[in-house]
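# What the coordinates show
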Amino acid sequence: MFLKFLRPNNLSQKMMRVIFSIYLGVTCLITGAQFLTEYLQTQDSILNELKQLDETVRGSVSTSLWQYNQTQLDALVAGLVKMPIIEGVDVLDKNGKNIISKRSFTPTSAPLSVFDTESELYWVLNEKQILLGSLILYSSSEVVFDRVLFGFSLIAISAIIKLSILFWLFIWAFDRYLAIPLKELMSQVNEVQLDQNISKRIDLSNIENNELSQLQDHINKMLSAMEMSREQLLEDEQAKRKWLEDAVAKRTEALQISNEKLKELATRDSLTGALNRGSFFETAQHLLILCQRQKSPASFVLMDLDHFKMVNDTYGHFIGDQVLIHFIHTIQTLLRKSDLVGRVGGEEFAIFLPDTGMDDASRLADKIRKIIGNSILEIDGKTITYTVSLGVESSELKDQSIDALFKRADLKLYSAKIKGRDRVET
C-alpha cells in the first residue's frame with residue numbers, strides 16, 4: 001500500500017497522495033512551529049533562571065573580588081559551571097579585563113548557540129557603591145534541548161501517531177468512497193464493451209448521491225442514447241435494404257423483360273415479326289428430330305411472292321413492306337401454335353408443320369394461295385393485289401437435316417414459278 005502511495009497508478013491514489021502530502025506538509029509546519037515555540041519558551045525560562053542565579057551568587061563573587069580571594073573565587077566559579085543550566089562563567093574587572101573564564105565544553109564540541117546574562121559587581125563602602133567588574137553566566141542550546149527533549153519527544157510521537165492513523169483513514173476513505181466505486185464502474189463499463197451489449201446498464205452498489213452517481217446516470221443516459229441510435233440505424237438499414245432489394249427486383253424484372261425483348265428481336269424479323277432465317281432453321285431442326293424420334297410426319301412449305309420486285313418498283317418500298325406484313329399476318333391466322341413461320345429471304349417465307357403429312361400440308365398451302373390471291377389491299381389510295389407460289393415437301397425416314405427438306409421444297413417452288421406462278425407444287 002505504501003508503494004502504491006509513492007507510485008500511484010490510478011486517480012484515487014493520486015488524489016490520496018496529493019491530499020496526504022498537503023496534510024503532511026501542514027502537520028510538519030505546525031509541529032516545527034511548536035518545536036520553535038517550545039524552544040524559545042524554554043530558552044526564556046533558562047535565562048530567568050540564570051538571572052536568579054546571578055542575583056544569588058553576585059554577592060559572593062563581589063566579596064571574593066573585593067578581598068582578592070582568588071581561591072575562593074575559583075571554587076565559586078567551578079561550582080557554578082557544574083550547575084545544570086550553566087555552560088560557562090566569565091568574571092571581568094572594571095576595565096573589562098577577563099579575570100576568570102571557565103567553560104563546560106571544549107572549542108571542538110561547542111553547542112549550536114550560546115546565550116548569556118550579564119550583571120555588574122559592586123561593593124558598598126560608606127554607603128557608596130564601588131564598581132568591581134562584571135559577571136557573565138552562559139547557557140546554550142544543549143541545555144535547552146535537554147530541557148525540552150521530553151516535550152519534543154511527546155510532540156513528535158503524537159505527530160507520528162496522528163499521521164499514521166490519518167494515513168490509514170485516508171486509505172480507507174478513498175477506497176470506500178472513491179477507489180472501490182471507480183473500480184466497479186470501470187469493471188461494468190468493460191463488461192458492456194466486451195459483451196457489446198449496450199442494452200445493459202451501469203448499476204453501482206452502495207452508491208450515494210454524489211459525483212459518481214451522477215457519472216453513472218450520465219453513462220446510462222449515453223448507453224440509452226446509443227441503443228436508440230443503433231435501433232434507428234438498424235431500422236434505416238433494413239428500410240434501405242428493403243428498398244434496395246425492391247429496386248434490384250424491379251431492375252432484374254426490367255432486365256429480364258429487356259432480355260426477352262432482345263431475344264425476341266434477335267430471333268424475329270423486325271418488319272414482319274416472323275422468325276428470321278437463322279432462328280427458323282434452328283427451331284425447325286429440333287422439331288424435325290423430335291418428329292423423327294416419334295416417327296411422325298413433318299412437312300415443309302416454301303413460299304415466294306410473285307413479281308414482288310414489280311410491286312416495289314411500281315408502288316415503292318413502303319407499300320412493298322405493307323404487302324409483306326399483310327402476307328405474314330394472313331397466313332398466321334391459318335396456322336397452329338405448334339407451326340413455325342419464318343422469313344428466309346426478301347419476299348421468301350417458309351412454314352414448318354410438325355405432325356403433318358403431305359396431304360394436309362398441300363391443302364393448307366392451297367388455302368393460303370387462294371386467300372392471298374383473293375386479297376385486295378388499299379394503301380394510300382392505291383389498290384394492291386398479289387399472288388404467291390408454294391412448294392410443299394414432307395419428311396422421309398432418312399431425313400435428319402432440315403436443309404434436305406428445304407432443298408426439295410425449293411425445287412418444287414422453282415417448278416411452280418416455271419409453270420406460271422400462283423400455284424402449289426407437291
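Because the structure is predicted, anything quoted here is derived from the model rather than measured.

### A closer look at the overall build of the protein
Helix and strand counts for the protein come out as 10 helices and 11 strands. Computed over the C-alpha atoms, the radius of gyration of the protein is 68 Å, more than 25% above the 22 Å expected from 2.2 N^0.38 for a compact globule of 426 residues. Each of the three principal axes of the protein carries a C-alpha extent, and together these read 200 × 45 × 45 Å. The buried share of the protein, taken over its 426 residues, is 37%. Long-range contacts, defined as pairs at least 24 residues apart, comprise 65% of the intrachain contacts of the protein with a sequence gap of at least 6.

### Points about the sheet that holds strand β4 (residues 128-140)
Read across the sheet, four strands follow the order β2-β1-β4-β3 without closing on themselves; strand pairing throughout is antiparallel. In this open sheet, the two strands that pair with only one neighbour each are β2 (98-103) and β3 (114-125). Strand after strand, the sheet turns through a mean of 15° between neighbouring axes, direction not considered. Here 12 bridges tie β3 to β4, and the two strands are oriented antiparallel to one another. The residue of β4 that forms the bridge with Leu-125 is Lys-128. On top of the sheet, helix α3 (residues 70-81) reaches β1 (88-93), β2 and β4; it is set at about 30° to β2, its chief contact.

### Section: the sheet that holds strand β10 (residues 388-394)
Here five strands make up an open sheet; going across it, the order is β6-β7-β5-β10-β11 and the pairing mixed. The open sheet has two edge strands with one neighbour each: β6 (340-343) and β11 (424-425). Pairing between β6 and strand β7 (residues 348-354): four bridges, direction antiparallel. Directly across from Arg-343, in β7, lies its bridge partner Phe-349. The strands touched by helix α10 (residues 402-418) are β5 (298-305), β7, β10 and β11; relative to β10, the strand with the most contacts, the crossing angle is about 140°.

### Quick look at the pattern of salt bridges
Inspection of every chain in the model, using the stated rule, returns 19 salt bridges. The residue Lys-417 makes a salt bridge to Asp-306 at a minimum N-O spacing of 3.5 Å. A residue pair is termed long-range when its members are at least 10 positions apart, and Lys-417 in helix α10 and Asp-306 in the loop between β5 and α7 (308-315) qualify at 111 residues. Taking the relative accessible area as the measure of exposure, Asp-306 reaches 4% and is therefore buried. Asp-399 is paired through a salt bridge with Arg-408; the nearest N and O atoms lie 2.7 Å apart. Given the relative accessible area of 22%, Arg-408 is considered partly exposed. In this structure, a network of salt bridges that share partners links the residues Asp-366, Arg-369, Lys-370 and Asp-422.

### A look at the pairing of β7
Among the seven residues that make up β7, seven are buried, leaving the element largely enclosed by the rest of the structure. Burial of the side chains of β7 extends over both faces: Glu-348, Ala-350, Phe-352 and Pro-354 are buried on one face and Phe-349, Ile-351 and Leu-353 on the other. The pairing of β5 with β7 spans seven bridges and is antiparallel. Bridging across to β7, Leu-302 finds its partner in Ala-350. Where β6 hands over to β7, the hairpin turn is made up of four residues, counted between the paired strands.

### Focus on the nonpolar core
Ranked by internal contacts, the top residues of the largest apolar core, which has 30 residues, are Met-303, Val-323, Phe-327, Ile-351 and Ile-368. At the level of elements, β5, α7, α8 (317-332), β7, α9 (358-373), β8 (377-379) and β10 are the ones that each hand at least two residues to this core. Broken down by element, the residue count for this core peaks at six residues, all from α8. For Met-303, the contacting residues outside a window of four places in its chain are Phe-327, Ile-331, Glu-347, Glu-348, Phe-349, Ala-350, Ile-351, Ile-368, Val-388, Ser-389, Leu-390 and Leu-413.

### Let's talk about the side chain of Ser-62
Within the secondary structure, Ser-62 is located in helix α2 (residues 11-67). Once you skip the residues sitting within four places of it in the chain, Ser-62 turns out to touch Leu-121, Tyr-122, Trp-123 and Leu-132.

### Here's the deal with a nonpolar patch on the surface
Where nonpolar side chains cluster on the molecular surface, the patch consists of Met-15, Val-18, Ile-19, Ile-22, Val-26 and Ile-30 and spans about 500 Å² of accessible area. One can find Val-26 in helix α2. We classify Val-26 as partly exposed; its relative accessible area is 42%.

### Quick look at the pairing of β2
Strand direction decides the pairing type here: β1 and β2, joined by five bridges, are antiparallel. Pairing of Val-89 across the sheet is with Lys-102, part of β2. Between β1 and β2, which pair antiparallel and follow one another directly, the connecting turn spans four residues, one of which, Gly-96, has a positive phi of 85°.

### Details of the environment of Leu-405
Assignment of secondary structure puts Leu-405 in helix α10. Overall, Leu-405 belongs to the buried group, its relative accessible area being 0%. For the pair Leu-405 and Met-83, spaced 322 residues apart in sequence, the C-alpha to C-alpha distance is 158 Å. Among all residues touching Leu-405, those that are not within four sequence positions of it are Leu-288, Phe-300, Phe-352, Glu-393, Ser-394, Ser-395 and Asp-399.

### A look at the side chain of Glu-348
As for its position among the elements, Glu-348 is in strand β7. The side chain of Glu-348 sits in the buried core without any salt bridge; Arg-277 is the nearest counter-charge, 5.1 Å away. Once you skip the residues sitting within four places of it in the chain, Glu-348 turns out to touch Leu-302, Met-303, Asp-304, Gly-342, Arg-343, Asp-410 and Leu-413.

How each quantity is defined
Residues numbered from 1 in each chain as written. Predicted model: local features only at pLDDT ≥ 70, side-chain atom pairs only at ≥ 80, totals over all residues. Heavy atoms only, no water. Helix = DSSP H or I, 4+ residues; strand = E, 2+ residues; numbered from the N terminus. Rg over C-alpha atoms; globule rule 2.2 N^0.38 Å. Buried < 20%, exposed > 50% of the residue type's maximum accessible area, 1.4 Å probe, protein only. Contact = heavy atoms within 4.5 Å. Pairing = 2+ DSSP bridges. Axes fitted to C-alpha atoms, helices over the stretch in contact; angles between N-to-C directions. Salt bridge = Lys/Arg side-chain N within 4 Å of Asp/Glu carboxyl O. Core = buried A, V, L, I, M, F, W, Y, C linked by side-chain atoms within 4.5 Å. Patch = residues over 30% accessible without salt bridge, like charges linked within 9 Å, V, L, I, M, F, W, Y side chains within 5 Å. Areas by Shrake-Rupley, 256 points an atom, 1.4 Å probe, with all protein chains shown as cover. Lys, Arg positive; Asp, Glu negative; His and termini not counted.

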